[in-house]
Amino acid sequence: MTDLSPIPALGGTSARITNIGALALSENTGLGLAALALRRGSAQPVPMGLALPGPGLWHAGNGVAAFWTGPGQWMIEGEGRAEEDFARAVKLAAPDCSVTEQTDGFVAFEVVSSAGAAPIERLCEKLVNVDLGRFGPGSAARTGLHHMTVFVIRRAEDRLALIGMRTLAGSLWHALEGAAQHLEGTAT
């Protein structure tokens, strides 16, 4: 049997976690990811009972989540499912669609605020180009962050996720941590 234990993208033996002021930043090594695309003539599925969201949206339910990535395309998330063949599970749930494994191609960083929405919104203002007036809970966007392209997901008022290419994990963490430190006045 193949060992599918996740290897942290930032190195080390465990996920990186740090607290900066009201913000807790963490590498989410347990997130399984699979890209799902409609095939010509196929109906939009409801994989694992999850209604797939429209443009700019993220939905969660039944132990999975999804965000829209383009016409007829979504990224499906399986929290705690990085150690299994998550793409296979998605394919079984959406047999008429094209599904590709993405877990090892991306890194996910979660940001949780202990002080409500304000620190999350201030962090977004520093990092990414999103309209915060329209970027409430359940929103998702693909945007630039420094020299990188990332998916930004507003999981809740006090919770944000950044998903970027795994090969750029160090740069993404550096940008995220630096912006959080700047907001707290602790940047070095």
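Now for a look at the structure at hand. Since the structure is predicted, the reported quantities are computational estimates derived from the model, not experimental observations. (Residues numbered from 1 in each chain as written. Predicted model: local features only at pLDDT ≥ 70, side-chain atom pairs only at ≥ 80, totals over all residues. Heavy atoms only, no water.)

### A few points about the sheet that holds strand S8 (residues 106-113)
Read from one edge of the open sheet, 6 strands run S1-S2-S8-S11-S10-S9, paired in antiparallel fashion. Either end of the sheet is taken by a strand with one partner, and the two such strands are strand S1 (17-20) and strand S9 (139-145). Taking each pair of neighbouring strands and ignoring which way they run, the sheet shows an average axis angle of 20°. Pairing of strand S10 (residues 148-156) with strand S11 (residues 159-165), which is carried by 6 bridges, proceeds in the antiparallel orientation. Its bridge partner lying in S11, Ala156 is registered against Arg159. (Pairing = 2+ DSSP bridges. Helix = DSSP H or I, 4+ residues; strand = E, 2+ residues; numbered from the N terminus. Axes fitted to C-alpha atoms, helices over the stretch in contact; angles between N-to-C directions.)

### Some points on the sheet that holds strand S3 (residues 32-38)
Read across the sheet, 5 strands follow the order S4-S5-S6-S3-S7 without closing on themselves; strand pairing throughout is antiparallel. The sheet is open, and its two edges are formed by strand S4 (58-61) and strand S7 (97-101), each paired on a single side. Along the sheet, successive strands turn relative to each other by an average axial angle of 25°, direction set aside. Pairing between S4 and strand S5 (residues 64-70): 4 bridges, direction antiparallel. Residue Trp58 lies in a different strand from S5, and its bridge partner there is Phe67.

### Some points on the nonpolar core
In this structure, Leu123, Leu127 and Leu145 are the most contacted members of the largest nonpolar core, which totals 28 residues. At the level of secondary structure, the elements contributing two or more residues to this core comprise strand S2 (23-27), S8, helix H2 (117-127), S10, S11 and helix H3 (169-184). Element by element, the count of residues in this core is highest for H3, at 8 residues. Excluding residues that lie within four positions of it along the chain, Leu123 makes contacts with Leu23, Val111, Leu176, Ala179, Ala180 and Leu183. In terms of nonpolar packing, the next biggest core, distinct from the first, is built from 14 residues, Ala34, Leu50, Ala87 and Val90 among them. (Core = buried A, V, L, I, M, F, W, Y, C linked by side-chain atoms within 4.5 Å. Buried < 20%, exposed > 50% of the residue type's maximum accessible area, 1.4 Å probe, protein only. Contact = heavy atoms within 4.5 Å.)

Fair warning: the whole summary comes from geometry, so function is off the table for now.
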